[in-house]
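Geometric and topological summary
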Amino acid sequence: AHLAALVLARGGSKGIPLKNIKLLAGVPLIGWVLRAASDAGVFHSVWVSTDHDEIEKVAKQFGAQVHRRSPEVSQDSSTSLEAIREFLNHHHEVDIVGNIQATSPCLHPSDLIKVADLIQKEGFDSVFSVVRRHQFRWSEVKKGENKMTEPQNLNPAKRYRRQDWPGELYENGSFYFAKRHLIEKGYLQGGKMAYYEMRAEHSVDIDIDIDWPIAEQRVLSFGYFGKEPLKEVKLLVCSIDGCLTNGRIYVTEDQKEMVSYDYRDIVGIDLLKKKGIQVRFISERDCSKTLSAMQLGCVAKVSATNKLQVLEDWQKDMGLSWKEVAYLGNEESDVECLKKAGMSGVPADACTVAQKAAGYICKSNGGCGAVREFAEHIFLLLEKVNSARKQ
């Protein structure tokens, strides 16, 4: 049976404009679930249903196929079921749909693999995700009503301790798997049903802007970063022009060059060095005098005609794997380095091709705190590596 992953991602959003491709921890929101779906290895095809050109570009960047949905199922009032049925009408080869919510960035391939087994091997017609919550519910009393609230799932005289109460299961909306015959009848849940309980830390749903910073921290702690195990970063190589500086060069009347930099970036460099991470700089132009004036105390290669060759030489000399190398660049000349490095980033104002090659896109522009921000990203991932070791 053809099992297809389908992510619904229309361009309109009442809460956050183009929420589905807004950067979350340096990755477009939809990219987190597409990476998980692709690496699960259980889907015959991975699709994004959208009505927006920019979402289509991002979907293809993460290896998904795109179904251009019609205006009829792209309205604020359109339901997920309507969009899924339209998809099936155009793709008769699909027997089972795994509808994955774009706004669940902590989804892991291991969850999707287990759900696929429930459908394909254990014969369930539909499987949906739930999360366990320990919350006491009370009846609602509307304004003006002359009555008291009543407990719904507890006895106030004998309140459970959390450890003595198993809690309750709630849908978390991360995914709904269903066979074609159910969907064609108008159901996402039906027939022989099963729920799949997700871990609470993986159950993240972004609905409103205030959730974004919280979700970002959750993703960095519990998100899925790819098949390869994370390793500690031991070397950060940073492009000077456009990353450490804003790329502008000021020329005085006596023909001396001046550049500006952000002190926050210098602090970030010092913090990296204190963590035992070497920081090195690279530039296509001869800016040795500028570096000398900054007194950074870091190895640098200027007038570099081949940045990738320089990076490879440093990596080999230090005996590092690519997973232990981080690279911050911003120009087309940085693209191959960004692709090679285990951790890659660009400032917010980097060129388009560099942004596509990077794993993390900073919120800060070059010369305005991007180095410090990328350093913080490295520190958070180091915490994730240490946490994985302890487990």
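As the structure is a prediction and not an experimental result, all values here were calculated from the model.

Counted at 1.5 Å a residue, the expected span for helix 8 (residues 263-274) with its 12 residues is 16 Å, and the 17 Å between its end C-alpha atoms agrees. By the burial criterion, the buried members of helix 8 are D265, I266, G268, I269 and L272. Relative to the axis of helix 8, the buried residues are bounded by an arc of 160° and lie together on one face. Helix 8 presents Y263 and K274 as exposed residues on the side facing more than 90 degrees away from its buried surface. With its phi angle positive at about 85°, G276 sits one or two positions after the end of helix 8.

Let us now look at unusual backbone geometry. Backbone geometry at S303 places phi at a positive 55°, although glycine is not the residue there. Relative to the helices and strands, S303 is located in the loop between strand 14 (299-301) and helix 10 (307-317). You can call S303 partly exposed: its relative accessible area is 39%.

Another point: the packing of helix 1 (residues 29-40) against helix 4 (residues 109-120). One can describe the packing of helix 1 onto helix 4 by two numbers: an axis separation of 8 Å at closest approach and a directional angle of 55°. Judged on the interaxial angle alone, helix 4 and helix 1 are oblique. Helix 4 is crossed by helix 1, and the crossing has right-handed handedness. Across from A36, A37, D39 and A40 in helix 1, the residues of helix 4 making contact are P109, L112 and I113. By residue class, the composition of the contact of helix 1 with helix 4 is six nonpolar, no polar and one charged.

Once that is clear, we can look at the nonpolar core. Counting 42 residues, the largest nonpolar core has L24, I269, L272, F281, L296, F374 and I378 as the members making the most contacts within it. Residue contributions to this core peak at eight residues, all from helix 13 (residues 370-390).

Further remarks concern the layout of surface pockets. When its volume is computed, the largest pocket comes out at roughly 1200 Å³. Together, 42 residues line the largest pocket, and V27, R35, F62, A358 and G359 are the ones closest to its centre. Taken together, the elements giving at least two residues each to the lining of the largest pocket come down to strand 3 (27-28), helix 1, helix 2 (53-61), helix 11 (335-340), strand 16 (343-346), helix 12 (352-357), strand 17 (360-361) and helix 13. Counted by class, the lining of the largest pocket contains 22 nonpolar, nine polar and 11 charged residues. The volume enclosed by the second largest pocket comes to roughly 630 Å³. In this structure, the second largest pocket is lined by 30 residues; those nearest its centre are L8, R10, N20, S80 and Q101. For the lining of the second largest pocket, the secondary-structure elements that each account for two or more residues are helix 3 (80-90), strand 6 (96-100) and strand 8 (168-179). Broken down by element, the lining of the second largest pocket gets its largest block of residues, three residues, from strand 8. By residue class, the composition of the lining of the second largest pocket is 10 nonpolar, 13 polar and seven charged.

This brings us to the sheet that holds strand 9 (residues 193-198). With mixed pairing, the seven strands of this open sheet are ordered in space as 5-4-1-6-8-7-9. Strands at the two margins of the open sheet, each flanked by one partner only, are strand 5 (65-68) and strand 9. Neighbour-to-neighbour, the strand axes of the sheet open up by a mean angle of 30°, direction not taken into account. Pairing analysis gives five bridges linking strand 1 (residues 3-8) to strand 4 (residues 45-50), with the strands arranged parallel. Across the sheet, residue V7 finds its bridge partner in strand 4, namely V48. Of the strands in this sheet, strand 4 and strand 5 touch helix 2, which is tilted by about 160° from strand 5.

This part is about the pairing of strand 15 (residues 325-328). Here strand 15 shows two buried faces, one formed by V325 and Y327 and the other by A326 and L328. Pairing geometry for strand 10 (residues 235-239) and strand 15, over four bridges, is parallel. Residue pairing for strand 15: C238 is matched across the bridge by L328. Of the strand pairs in this sheet, strand 15 and strand 16 are connected by three bridges, and their pairing is parallel. Paired with A326 across the two strands is M343, which belongs to strand 16.

Turning to the pattern of salt bridges, a few remarks are in order. Inspection of the entire model under this criterion finds 21 salt bridges. Close ionic contact of E216 with K363 constitutes a salt bridge, the shortest N to O distance being 3.0 Å. In this pair, E216 is assigned in helix 6 (residues 211-222) and K363 in the loop between strand 17 and helix 13, connecting sequence segments 147 residues apart. Of the residues examined, E216 reaches a relative accessible area of 11% and is grouped as buried. Three or more residues joined by partner-sharing salt bridges are found here, namely D53, E56, K60 and R68.

Reading guide: rules and limits
- Residues numbered from 1 in each chain as written.
- Predicted model: local features only at pLDDT ≥ 70, side-chain atom pairs only at ≥ 80, totals over all residues.
- Heavy atoms only, no water.
- Helix = DSSP H or I, 4+ residues; strand = E, 2+ residues; numbered from the N terminus.
- Expected span 1.5 Å × (residues − 1).
- Buried < 20%, exposed > 50% of the residue type's maximum accessible area, 1.4 Å probe, protein only.
- Arc of directions from axis to C-beta.
- Axes fitted to C-alpha atoms, helices over the stretch in contact; angles between N-to-C directions.
- Parallel < 35°, antiparallel > 145°, perpendicular 65-115°, else oblique.
- Left-handed = near helix turned anticlockwise from the far one by under 90°.
- Contact = heavy atoms within 4.5 Å.
- Nonpolar A, V, L, I, M, F, W, Y, C, P; charged D, E, K, R; others polar.
- Core = buried A, V, L, I, M, F, W, Y, C linked by side-chain atoms within 4.5 Å.
- 1 Å grid on protein atoms, 1.4 Å probe; cavity = no way out; pocket = protein on both sides within 12 Å on 5 of 7 lines; lining within 4 Å.
- Points joined across faces, edges and corners; volume = space filled by probe spheres on them.
- Pairing = 2+ DSSP bridges.
- Salt bridge = Lys/Arg side-chain N within 4 Å of Asp/Glu carboxyl O.

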